[in-house]
Amino acid sequence: MPGPPGDVDGGAVAQPGGGTEYVGRSPGRLMWMRFKRDRSGVISAYIVAFFFAIGLLAPVISWLYGKDPYTRYGQIREGLLNEWQYPVAPNGGISGEFWFGIEPILGRDVFTQLLYGIRTSLLVALAVTLLATVTAILLGVAAGYMGGRTDFFIGRVIDLLMAFPNQLFFVAFMPIVVALFVADTDETPTWVRAAAMILVLWFLGWMSLARILRGAVLSLRELEFVEAAKVSGAPPWRIIRKELLPNVVTPILVQSTLMLPNFVTAAAGLSFLGVGFIEPTPDWGRMFATGATVFENDFTYMFFPGGAMVIFIVAFNLLGDSVRDAFDPKTKR
(Lines give C-alpha, C1' and ligand atoms only; values in the text may rest on other atoms or scores of the structure.)
Protein backbone atom coordinates (compact mmCIF):
# COMPACT_ATOMS: atom_id res chain seq x y z
CA MET A 1 0.00 0.00 0.00
CA PRO A 2 1.19 3.56 -0.58
CA GLY A 3 2.94 5.14 2.35
CA PRO A 4 2.52 8.64 3.75
CA PRO A 5 3.66 11.67 1.74
CA GLY A 6 7.40 11.82 1.45
CA ASP A 7 7.81 8.11 2.17
CA VAL A 8 9.72 6.51 -0.67
CA ASP A 9 11.22 3.29 0.57
CA GLY A 10 8.25 1.81 2.32
CA GLY A 11 4.80 2.32 3.75
CA ALA A 12 3.43 2.04 7.29
CA VAL A 13 0.26 -0.06 7.44
CA ALA A 14 -1.96 0.07 10.56
CA GLN A 15 -2.95 -3.36 11.88
CA PRO A 16 -6.30 -4.25 13.51
CA GLY A 17 -4.61 -4.89 16.88
CA GLY A 18 -3.10 -1.44 16.93
CA GLY A 19 0.37 -2.39 15.70
CA THR A 20 2.18 -1.14 12.65
CA GLU A 21 3.65 -3.21 9.84
CA TYR A 22 6.17 -1.72 7.44
CA VAL A 23 5.74 -2.86 3.86
CA GLY A 24 8.68 -2.39 1.50
CA ARG A 25 8.38 -1.53 -2.15
CA SER A 26 10.16 -3.18 -5.05
CA PRO A 27 12.71 -1.18 -7.08
CA GLY A 28 10.39 -1.27 -10.06
CA ARG A 29 7.54 0.23 -8.05
CA LEU A 30 9.81 2.90 -6.58
CA MET A 31 10.97 3.80 -10.07
CA TRP A 32 7.38 4.03 -11.30
CA MET A 33 6.38 6.24 -8.36
CA ARG A 34 9.28 8.62 -8.97
CA PHE A 35 8.52 8.72 -12.69
CA LYS A 36 4.84 9.59 -12.10
CA ARG A 37 5.88 12.55 -9.94
CA ASP A 38 7.93 13.99 -12.84
CA ARG A 39 5.40 16.03 -14.76
CA SER A 40 7.67 16.69 -17.74
CA GLY A 41 8.41 12.96 -18.02
CA VAL A 42 4.74 12.01 -18.00
CA ILE A 43 3.85 14.64 -20.60
CA SER A 44 6.78 13.55 -22.76
CA ALA A 45 5.67 9.92 -22.50
CA TYR A 46 2.20 10.87 -23.75
CA ILE A 47 3.69 12.82 -26.66
CA VAL A 48 5.98 9.94 -27.64
CA ALA A 49 3.10 7.47 -27.38
CA PHE A 50 1.01 9.78 -29.57
CA PHE A 51 3.69 9.80 -32.30
CA PHE A 52 3.99 6.03 -32.26
CA ALA A 53 0.20 5.67 -32.33
CA ILE A 54 -0.31 7.90 -35.36
CA GLY A 55 2.63 6.23 -37.08
CA LEU A 56 1.17 2.76 -36.62
CA LEU A 57 -2.35 3.92 -37.48
CA ALA A 58 -1.31 5.98 -40.50
CA PRO A 59 -3.20 3.75 -43.02
CA VAL A 60 -6.37 3.94 -40.90
CA ILE A 61 -6.13 7.71 -40.47
CA SER A 62 -5.44 8.11 -44.18
CA TRP A 63 -8.52 6.03 -45.02
CA LEU A 64 -10.71 8.08 -42.70
CA TYR A 65 -9.23 11.31 -44.06
CA GLY A 66 -9.94 10.19 -47.60
CA LYS A 67 -6.52 10.85 -49.12
CA ASP A 68 -3.19 9.09 -49.56
CA PRO A 69 0.43 10.29 -49.69
CA TYR A 70 1.04 9.25 -53.29
CA THR A 71 -1.76 10.84 -55.37
CA ARG A 72 -0.72 14.10 -57.05
CA TYR A 73 -3.88 16.06 -56.36
CA GLY A 74 -2.41 19.35 -57.53
CA GLN A 75 -1.62 17.93 -60.97
CA ILE A 76 -4.86 16.07 -61.58
CA ARG A 77 -7.15 18.85 -60.37
CA GLU A 78 -7.10 22.37 -61.73
CA GLY A 79 -7.00 25.36 -59.41
CA LEU A 80 -4.75 23.87 -56.72
CA LEU A 81 -1.33 24.83 -58.16
CA ASN A 82 -0.41 27.99 -60.03
CA GLU A 83 1.71 28.25 -63.17
CA TRP A 84 4.91 27.99 -61.06
CA GLN A 85 3.58 24.80 -59.42
CA TYR A 86 3.03 26.38 -56.00
CA PRO A 87 -0.27 26.20 -54.06
CA VAL A 88 -2.78 28.81 -55.17
CA ALA A 89 -4.46 29.06 -51.77
CA PRO A 90 -2.59 30.96 -49.02
CA ASN A 91 -0.51 29.22 -46.34
CA GLY A 92 0.56 26.38 -48.58
CA GLY A 93 -2.97 25.50 -49.64
CA ILE A 94 -4.28 24.77 -46.13
CA SER A 95 -8.04 24.27 -46.23
CA GLY A 96 -10.81 22.09 -44.89
CA GLU A 97 -10.00 19.58 -47.62
CA PHE A 98 -6.20 19.68 -47.27
CA TRP A 99 -5.54 20.12 -43.55
CA PHE A 100 -1.79 20.78 -43.85
CA GLY A 101 -1.88 22.06 -47.42
CA ILE A 102 -0.46 20.47 -50.56
CA GLU A 103 3.10 19.82 -51.64
CA PRO A 104 4.59 22.29 -54.15
CA ILE A 105 5.41 21.00 -57.62
CA LEU A 106 3.94 17.48 -57.17
CA GLY A 107 0.76 18.56 -55.40
CA ARG A 108 0.49 15.70 -52.91
CA ASP A 109 -1.35 15.97 -49.60
CA VAL A 110 1.04 17.12 -46.85
CA PHE A 111 -0.94 15.66 -43.95
CA THR A 112 -0.78 12.08 -45.20
CA GLN A 113 2.83 12.59 -46.30
CA LEU A 114 3.66 13.55 -42.73
CA LEU A 115 1.72 10.60 -41.25
CA TYR A 116 3.52 8.04 -43.40
CA GLY A 117 6.82 9.89 -42.96
CA ILE A 118 6.53 9.53 -39.20
CA ARG A 119 5.72 5.85 -39.67
CA THR A 120 8.76 5.27 -41.89
CA SER A 121 11.24 7.12 -39.68
CA LEU A 122 10.06 5.57 -36.42
CA LEU A 123 10.04 2.01 -37.75
CA VAL A 124 13.60 2.35 -39.04
CA ALA A 125 14.82 3.99 -35.82
CA LEU A 126 13.07 1.40 -33.66
CA ALA A 127 14.62 -1.49 -35.61
CA VAL A 128 18.10 0.05 -35.35
CA THR A 129 17.65 0.69 -31.62
CA LEU A 130 16.62 -2.91 -30.94
CA LEU A 131 19.54 -4.32 -32.95
CA ALA A 132 22.05 -1.95 -31.40
CA THR A 133 20.80 -2.67 -27.87
CA VAL A 134 20.95 -6.44 -28.31
CA THR A 135 24.45 -6.20 -29.82
CA ALA A 136 25.64 -3.95 -27.00
CA ILE A 137 24.24 -6.32 -24.37
CA LEU A 138 25.89 -9.38 -25.91
CA LEU A 139 29.32 -7.84 -26.50
CA GLY A 140 29.44 -5.40 -23.58
CA VAL A 141 28.39 -7.93 -20.95
CA ALA A 142 30.63 -10.62 -22.44
CA ALA A 143 33.65 -8.28 -22.41
CA GLY A 144 33.05 -7.22 -18.83
CA TYR A 145 32.40 -10.69 -17.44
CA MET A 146 34.91 -12.77 -19.41
CA GLY A 147 37.78 -10.28 -19.19
CA GLY A 148 41.21 -11.22 -20.51
CA ARG A 149 41.59 -11.64 -24.26
CA THR A 150 37.85 -11.42 -24.85
CA ASP A 151 37.70 -8.04 -23.15
CA PHE A 152 40.82 -6.85 -24.98
CA PHE A 153 39.54 -7.91 -28.42
CA ILE A 154 36.03 -6.45 -27.97
CA GLY A 155 37.49 -3.29 -26.46
CA ARG A 156 39.77 -2.72 -29.44
CA VAL A 157 36.90 -3.31 -31.88
CA ILE A 158 34.83 -0.72 -30.00
CA ASP A 159 37.71 1.77 -30.05
CA LEU A 160 38.21 1.23 -33.78
CA LEU A 161 34.54 1.70 -34.66
CA MET A 162 34.18 4.75 -32.43
CA ALA A 163 37.04 6.37 -34.36
CA PHE A 164 34.96 6.31 -37.56
CA PRO A 165 33.37 9.65 -38.59
CA ASN A 166 29.74 8.58 -38.40
CA GLN A 167 28.09 10.91 -40.88
CA LEU A 168 30.73 10.41 -43.56
CA PHE A 169 30.57 6.64 -43.04
CA PHE A 170 26.78 6.62 -43.36
CA VAL A 171 26.82 8.61 -46.61
CA ALA A 172 29.71 6.65 -48.13
CA PHE A 173 28.56 3.14 -47.27
CA MET A 174 24.84 3.42 -48.01
CA PRO A 175 25.34 2.94 -51.79
CA ILE A 176 27.74 0.06 -51.12
CA VAL A 177 25.28 -1.76 -48.86
CA VAL A 178 22.43 -1.18 -51.32
CA ALA A 179 24.60 -2.62 -54.11
CA LEU A 180 24.92 -5.85 -52.11
CA PHE A 181 21.19 -6.43 -52.58
CA VAL A 182 20.52 -5.19 -56.11
CA ALA A 183 22.52 -4.46 -59.25
CA ASP A 184 23.27 -0.88 -60.23
CA THR A 185 21.02 -1.15 -63.26
CA ASP A 186 17.98 -2.34 -61.28
CA GLU A 187 15.50 -0.13 -59.47
CA THR A 188 16.07 -0.35 -55.72
CA PRO A 189 12.98 -1.51 -53.79
CA THR A 190 11.99 0.44 -50.70
CA TRP A 191 12.58 -2.54 -48.41
CA VAL A 192 16.17 -2.79 -49.66
CA ARG A 193 16.82 0.85 -48.82
CA ALA A 194 15.23 0.34 -45.40
CA ALA A 195 17.37 -2.75 -44.74
CA ALA A 196 20.51 -0.92 -45.87
CA MET A 197 19.78 2.05 -43.61
CA ILE A 198 19.17 -0.25 -40.66
CA LEU A 199 22.44 -2.11 -41.25
CA VAL A 200 24.52 1.03 -41.71
CA LEU A 201 23.08 2.82 -38.66
CA TRP A 202 23.37 -0.32 -36.52
CA PHE A 203 27.00 -0.90 -37.48
CA LEU A 204 28.13 2.30 -35.74
CA GLY A 205 25.31 2.63 -33.23
CA TRP A 206 25.95 0.07 -30.51
CA MET A 207 29.41 0.93 -29.15
CA SER A 208 28.53 3.57 -26.55
CA LEU A 209 26.06 1.33 -24.75
CA ALA A 210 28.45 -1.63 -24.99
CA ARG A 211 31.20 0.38 -23.31
CA ILE A 212 28.83 1.46 -20.52
CA LEU A 213 27.69 -2.12 -19.92
CA ARG A 214 31.28 -3.37 -19.93
CA GLY A 215 32.19 -0.93 -17.17
CA ALA A 216 29.11 -1.80 -15.14
CA VAL A 217 29.73 -5.56 -15.39
CA LEU A 218 33.42 -5.12 -14.49
CA SER A 219 32.37 -3.65 -11.15
CA LEU A 220 29.57 -6.16 -10.59
CA ARG A 221 31.55 -9.34 -11.25
CA GLU A 222 33.71 -8.78 -8.15
CA LEU A 223 30.76 -8.50 -5.76
CA GLU A 224 29.78 -11.20 -3.29
CA PHE A 225 26.59 -12.40 -4.96
CA VAL A 226 28.44 -13.11 -8.22
CA GLU A 227 31.25 -14.89 -6.36
CA ALA A 228 28.65 -16.94 -4.49
CA ALA A 229 27.05 -17.96 -7.79
CA LYS A 230 30.44 -19.06 -9.12
CA VAL A 231 31.19 -21.09 -5.98
CA SER A 232 27.81 -22.81 -6.24
CA GLY A 233 28.82 -24.11 -9.68
CA ALA A 234 26.48 -21.97 -11.78
CA PRO A 235 27.56 -21.81 -15.45
CA PRO A 236 28.62 -18.43 -16.88
CA TRP A 237 25.45 -18.05 -18.97
CA ARG A 238 23.27 -18.50 -15.89
CA ILE A 239 25.35 -16.00 -13.90
CA ILE A 240 25.04 -13.45 -16.68
CA ARG A 241 21.31 -14.02 -17.13
CA LYS A 242 20.31 -14.27 -13.47
CA GLU A 243 22.84 -12.12 -11.63
CA LEU A 244 24.32 -9.52 -13.98
CA LEU A 245 21.62 -8.57 -16.50
CA PRO A 246 19.01 -7.61 -13.86
CA ASN A 247 21.55 -5.19 -12.39
CA VAL A 248 22.27 -3.40 -15.67
CA VAL A 249 18.66 -2.79 -16.70
CA THR A 250 18.95 0.89 -15.77
CA PRO A 251 21.70 1.88 -18.24
CA ILE A 252 20.08 -0.26 -20.94
CA LEU A 253 16.72 1.52 -20.64
CA VAL A 254 18.20 4.98 -20.25
CA GLN A 255 20.61 4.67 -23.17
CA SER A 256 17.97 3.10 -25.40
CA THR A 257 15.60 6.03 -24.86
CA LEU A 258 18.42 8.39 -25.78
CA MET A 259 19.58 6.36 -28.80
CA LEU A 260 16.24 6.19 -30.61
CA PRO A 261 15.84 9.94 -31.33
CA ASN A 262 19.46 10.03 -32.51
CA PHE A 263 18.68 7.28 -35.00
CA VAL A 264 15.57 9.17 -36.14
CA THR A 265 17.65 12.24 -37.00
CA ALA A 266 20.39 10.10 -38.57
CA ALA A 267 17.89 8.30 -40.83
CA ALA A 268 16.28 11.62 -41.78
CA GLY A 269 19.74 13.01 -42.57
CA LEU A 270 20.46 10.15 -44.97
CA SER A 271 17.20 10.75 -46.84
CA PHE A 272 17.87 14.50 -46.88
CA LEU A 273 21.26 13.87 -48.51
CA GLY A 274 19.70 11.58 -51.11
CA VAL A 275 21.20 8.26 -49.99
CA GLY A 276 18.27 7.11 -47.85
CA PHE A 277 14.65 6.87 -48.92
CA ILE A 278 13.79 8.46 -52.25
CA GLU A 279 10.61 9.31 -54.11
CA PRO A 280 7.87 8.38 -53.73
CA THR A 281 8.47 6.93 -50.21
CA PRO A 282 7.14 9.34 -47.55
CA ASP A 283 9.89 10.18 -45.09
CA TRP A 284 10.82 13.02 -42.76
CA GLY A 285 14.22 13.54 -44.37
CA ARG A 286 12.81 13.54 -47.89
CA MET A 287 10.22 16.12 -46.83
CA PHE A 288 13.04 18.29 -45.46
CA ALA A 289 14.88 17.97 -48.77
CA THR A 290 11.79 19.16 -50.64
CA GLY A 291 11.20 21.94 -48.12
CA ALA A 292 14.78 23.17 -48.53
CA THR A 293 14.14 23.79 -52.23
CA VAL A 294 10.77 25.55 -51.88
CA PHE A 295 10.96 27.35 -48.52
CA GLU A 296 11.51 30.77 -50.10
CA ASN A 297 8.13 30.56 -51.85
CA ASP A 298 6.29 28.20 -49.49
CA PHE A 299 7.59 28.26 -45.92
CA THR A 300 4.47 26.48 -44.65
CA TYR A 301 5.52 23.17 -46.18
CA MET A 302 8.68 23.01 -44.03
CA PHE A 303 6.78 24.04 -40.90
CA PHE A 304 4.89 20.78 -40.37
CA PRO A 305 7.67 18.15 -40.72
CA GLY A 306 10.16 20.45 -38.94
CA GLY A 307 7.80 21.14 -36.06
CA ALA A 308 6.87 17.46 -35.74
CA MET A 309 10.51 16.36 -35.56
CA VAL A 310 11.46 19.03 -33.03
CA ILE A 311 8.56 18.09 -30.78
CA PHE A 312 9.36 14.38 -31.03
CA ILE A 313 13.11 14.76 -30.39
CA VAL A 314 12.62 17.10 -27.42
CA ALA A 315 9.91 14.87 -25.92
CA PHE A 316 12.00 11.72 -26.28
CA ASN A 317 15.08 13.36 -24.78
CA LEU A 318 13.02 14.61 -21.83
CA LEU A 319 11.58 11.12 -21.46
CA GLY A 320 15.09 9.67 -21.35
CA ASP A 321 16.10 12.17 -18.67
CA SER A 322 13.01 11.32 -16.64
CA VAL A 323 13.66 7.58 -16.89
CA ARG A 324 17.24 8.13 -15.76
CA ASP A 325 16.13 10.26 -12.81
CA ALA A 326 13.47 7.72 -11.84
CA PHE A 327 16.02 4.90 -11.71
CA ASP A 328 18.67 7.00 -9.98
CA PRO A 329 17.15 9.91 -7.98
CA LYS A 330 20.63 11.12 -6.99
CA THR A 331 21.37 12.33 -10.54
CA LYS A 332 20.77 15.96 -11.36
CA ARG A 333 19.81 17.41 -14.74
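Residues numbered from 1 in each chain as written. Predicted model: local features only at pLDDT ≥ 70, side-chain atom pairs only at ≥ 80, totals over all residues. Heavy atoms only, no water.

As for the overall build of the chain
So, step 1. Looking only at helices and strands, the chain has 15 helices and two strands in total.
So, step 2. Counting every position in the chain, which comprises 333 residues, the buried fraction comes to 44%.
So, step 3. Across the chain, contacts joining residues at least 24 apart in sequence account for 66% of those joining residues at least 6 apart.
So, step 4. Accessible surface, the chain: about 17,600 Å² in total, of which carbon and sulfur atoms supply 66%. (Helix = DSSP H or I, 4+ residues; strand = E, 2+ residues; numbered from the N terminus. Buried < 20%, exposed > 50% of the residue type's maximum accessible area, 1.4 Å probe, protein only. Contact = heavy atoms within 4.5 Å. Areas by Shrake-Rupley, 256 points an atom, 1.4 Å probe, with all protein chains shown as cover.)

Observations concerning the layout of surface pockets
Rolled over the atoms, a probe sized like a water molecule indicates the empty space that remains.
So, step 1. There is about 350 Å³ of room inside the largest pocket.
So, step 2. Those elements that place two or more of their residues in the lining of the largest pocket are α7 (148–162), α8 (166–181), α10 (207–220) and α13 (249–272).
So, step 3. The dominant element in the lining of the largest pocket, judged by the number of residues it contributes, is α13, at seven residues.
So, step 4. For the lining of the largest pocket, a count of residues per class yields 13 nonpolar, seven polar and no charged.
So, step 5. Its boundaries defined by the atoms lining it, the second largest pocket holds a volume of some 220 Å³.
So, step 6. The element contributing the most residues to the lining of the second largest pocket is helix α15 (residues 299–327), with five residues.
So, step 7. Here the lining of the second largest pocket is built from residues that sort into 13 nonpolar, one polar and no charged. (1 Å grid on protein atoms, 1.4 Å probe; cavity = no way out; pocket = protein on both sides within 12 Å on 5 of 7 lines; lining within 4 Å. Points joined across faces, edges and corners; volume = space filled by probe spheres on them. Nonpolar A, V, L, I, M, F, W, Y, C, P; charged D, E, K, R; others polar.)

Digging into the nonpolar core
So, step 1. Formed by 85 residues in total, the largest nonpolar core has its most connected members in Phe 170, Met 174, Leu 201, Trp 206, Val 264, Trp 284 and Phe 312.
So, step 2. If you tally residues by element for this core, the top one is helix α6 (residues 110–146), at 15 residues.
So, step 3. Each residue touching Met 174, except ones within four places of it in the same chain, is listed here: Arg 193, Ala 196, Met 197, Val 200, Leu 270, Val 275 and Gly 276. (Core = buried A, V, L, I, M, F, W, Y, C linked by side-chain atoms within 4.5 Å.)

Some details on the pattern of salt bridges
So, step 1. The tally for this structure, following the rule as stated, stands at seven salt bridges.
So, step 2. Between Asp 159 and Arg 211 there is a salt bridge; the shortest N-O distance is 2.2 Å. With Asp 159 in helix α7 and Arg 211 in helix α10, the pair connects residues that are 52 residues apart, well separated along the chain.
So, step 3. Arg 286 is the partner of Glu 279 in a salt bridge, and the nearest nitrogen-oxygen pair spans 2.9 Å.
So, step 4. Glu 279 gets classed as partly exposed once you look at its relative accessible area, which sits at 38%. (Salt bridge = Lys/Arg side-chain N within 4 Å of Asp/Glu carboxyl O.)

Let's talk about unusual backbone geometry
So, step 1. Following Glu 279, the chain continues into Pro 280 via a peptide bond in cis, with omega recorded as 0 degrees.
So, step 2. One non-glycine residue, Ile 105, lies in positive phi territory at about 75 degrees.
So, step 3. Counting through the fold element by element, Ile 105 comes out in the loop between α5 (90–93) and α6.

Considering a nonpolar patch on the surface
So, step 1. On the surface, a nonpolar cluster with roughly 690 Å² of combined accessible area is contributed by Leu 56, Leu 57, Val 60, Trp 63, Leu 64 and Leu 123.
So, step 2. Ranked by residues supplied to the nonpolar patch, first place goes to helix α3 (residues 58–65) with three residues.
So, step 3. Looking at the secondary structure, you find Trp 63 in helix α3. (Patch = residues over 30% accessible without salt bridge, like charges linked within 9 Å, V, L, I, M, F, W, Y side chains within 5 Å.)

Things to note about the confidence of the model for the chain
So, step 1. On average, the chain scores 81 in pLDDT, and the residues at 70 or more come to 89%.
So, step 2. Taken element by element, the predicted model of the chain shows its lowest mean pLDDT in strand β2 (residues 20–24) (48) and its highest in α3 (91).
So, step 3. The low-confidence segment residues 1–9, where pLDDT is below 50, has 19 contacts with residues more than four positions distant or belonging to other chains.
So, step 4. Contacts of residues 18–23 to residues separated by more than four positions or lying in other chains number 14 contacts, the stretch itself having pLDDT below 50. (pLDDT = per-residue confidence, 0-100.)

With respect to the packing of aromatic side chains
So, step 1. Here the structure, examined in full by the defined rule, presents 17 aromatic pairs.
So, step 2. Considering the side-chain rings of Phe 100 and Phe 111, the 5.1 Å spacing of their centres and the 90 degrees angle between planes classify their relative orientation as edge-to-face. Taken as a pair, Phe 100 in the loop between α5 and α6 and Phe 111 in helix α6 lie far apart in primary sequence, eleven residues in all.
So, step 3. With a relative accessible area of 11%, Phe 111 lands in the buried category.
So, step 4. Grouping aromatic residues by their ring pairs yields a cluster made of Phe 50, Phe 51, Phe 52, Trp 284, Phe 312 and Phe 316.
So, step 5. Positioned over the ring face of Tyr 65 is Lys 67, at 5.0 Å from the centre of the ring. (Phe/Tyr/Trp six-rings, centres within 6.5 Å; stacked < 30°, edge-to-face > 60°. Lys NZ or Arg CZ within 6 Å of the ring centre and 35° of its normal.)

Describing the packing of helix α2 (residues 39–56) against α3
Axis angle and axis distance: for two packed helices, these are the angle between their axes and the distance between the axes, and together they describe the pair.
So, step 1. Put simply, α2 and α3 touch, their axes get as near as 4 Å, and they point 65 degrees apart. Taken as axis vectors, α2 and α3 run roughly perpendicular relative to one another. Between α2, through Ile 54, Gly 55 and Leu 56, and α3, the contact on the second element is made entirely by Ala 58, Pro 59 and Ile 61.
So, step 2. Of the residues contributing to the contact of α2 with α3, the split by class is five nonpolar, one polar and no charged. (Axes fitted to C-alpha atoms, helices over the stretch in contact; angles between N-to-C directions. Parallel < 35°, antiparallel > 145°, perpendicular 65-115°, else oblique.)

Side note on the packing of α3 against α6
So, step 1. Contact geometry for α3 and α6: axes closest at 9 Å, N-to-C directions at 170 degrees. Judged by the inter-axis angle, α3 sits roughly antiparallel to α6. Taking contact as the criterion, the partners of Ala 58, Pro 59, Ile 61, Ser 62 and Tyr 65 in α3 are, on α6, Phe 111, Thr 112, Leu 115, Tyr 116 and Arg 119.

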